[in-house]
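In case you want the letters, here they are:
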Amino acid sequence: QVRLVESGGGLVQAGGSLRLSCQVSGTIASIKIMGWYHQAPGQLREMVAAFITGSSTYVRNSVKGRFTISRDAATNTVYLQMNSLKPEDTGVYYCALDSYRGVYWGQGTQVTVSS
């Protein structure tokens, strides 16, 4: 049983910051991808930052220099630090884990960036 729970979303003004958290519980097999996805209303879900196989880190070009993904192994928590937020960053952010046993998603946390 694997469960992902996101938190940390909210309403901020453009230029502000938020830190999203994803707490992971359950027994996890080898991880292929562990990261964050963004979905704006009516749009496709897009990967924004992730840890991938080979100890690599992916960050979407549109958020490079603004978003940083990190993890705390002791608490099984993955973070997304979002700085210099823009209105286009608005949407639901989902935590996802793609393991060799299956794909798991959190329920998402809403981020709203006002002008």
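Above this note sits the structure.
Residues numbered from 1 in each chain as written. Predicted model: local features only at pLDDT ≥ 70, side-chain atom pairs only at ≥ 80, totals over all residues. Heavy atoms only, no water.

Peer 1: Can you tell me about the pattern of salt bridges, naming the residues and giving the values?
Peer 2: Close approach of charged atoms allows side chains with opposite charge to pair. Under the criterion given, the structure shown has two salt bridges. The partner of R60 in a salt bridge is E46, and the shortest N-O contact between them spans 3.0 Å. A residue pair is termed long-range when its members are at least 10 positions apart, and R60 in the loop between β6 (56–59) and β7 (67–72) and E46 in strand β5 (residues 46–52) qualify at 14 residues. For R60, a relative accessible area of 25% translates into the label partly exposed. Salt-bridge contacts for R66 lead to D89; the nearest nitrogen and oxygen are separated by 2.8 Å. Of this pair, R66 sits in the loop between β6 and β7 while D89 sits in the loop between β8 (77–82) and β9 (91–99); the two residues are 23 residues apart in sequence, bridging distant segments of the chain. The pair R66 / D89 is uniform in exposure class, with both members buried. (Salt bridge = Lys/Arg side-chain N within 4 Å of Asp/Glu carboxyl O. Helix = DSSP H or I, 4+ residues; strand = E, 2+ residues; numbered from the N terminus. Buried < 20%, exposed > 50% of the residue type's maximum accessible area, 1.4 Å probe, protein only.)

Peer 1: How would you explain the nonpolar core if you had to name every residue and give the values?
Peer 2: Ranked by internal contacts, the top residues of the largest apolar core, which has 25 residues, are L4, C22, M34, W36, L80, M82 and Y93. Looking at this core element by element, the count peaks at four residues for strand β3 (residues 18–25). Setting aside residues no more than four positions away along its own chain, L4 makes contact with C22, Q23, V24, M34, C95, A96, L97, Y104, W105, G106 and Q107. (Core = buried A, V, L, I, M, F, W, Y, C linked by side-chain atoms within 4.5 Å. Contact = heavy atoms within 4.5 Å.)

Peer 1: Outline the packing of aromatic side chains, supporting the account with residue identities and numerical values.
Peer 2: Within the structure shown, the criterion is met by two aromatic pairs. On the basis of an interplanar angle of 85° and a centroid distance of 6.4 Å, the ring pair of Y94 and W105 is categorised as edge-to-face. Of this pair, Y94 sits in strand β9 while W105 sits in strand β10 (residues 103–105), and the two are eleven residues apart along the sequence. Taken together through their ring pairs, the aromatic side chains of Y37, Y94 and W105 make up a single cluster. The ring centre of Y94 lies 3.7 Å from the NZ or CZ of R45, which sits over that ring. Lying over the aromatic face of W105, R45 brings its terminal NZ or CZ to 4.7 Å of the ring centre. (Phe/Tyr/Trp six-rings, centres within 6.5 Å; stacked < 30°, edge-to-face > 60°. Lys NZ or Arg CZ within 6 Å of the ring centre and 35° of its normal.)

Peer 1: Give a detailed account of the sheet that holds β3, specifying residues and quantitative values.
Peer 2: Hydrogen bonding along the main chain pairs the strands of a sheet, whether they run parallel or antiparallel. If you walk across this open sheet you meet the four strands as β1-β3-β8-β7, and the pairing is antiparallel. A strand with exactly one partner marks an edge of an open sheet, and here the two such strands are β1 (3–7) and β7. Looking at each pair of strands side by side, their axes are set apart by 15° on average, direction ignored. Pairing between β1 and β3: five bridges, direction antiparallel. Note that in β3 the partner of V5 across the bridge is Q23. (Pairing = 2+ DSSP bridges. Axes fitted to C-alpha atoms, helices over the stretch in contact; angles between N-to-C directions.)

Peer 1: How would you explain the side chain of T109 if you had to name every residue and give the values?
Peer 2: With respect to the secondary-structure elements, T109 resides in strand β11 (residues 109–114). Note on T109: relative accessible area 11%, which makes it buried. A polar contact of 3.1 Å, which involves the side chain of T109, links it to the backbone nitrogen of G9. Setting aside its immediate chain neighbours within four residues, T109 contacts E6, S7, G8, G9, L20, G91, V92 and Y93. (Polar contact = N/O pair within 3.5 Å; in protein donor to acceptor, adjacent residues only side chain to side chain.)

Function cannot be inferred from these measures alone, as they are strictly geometric.
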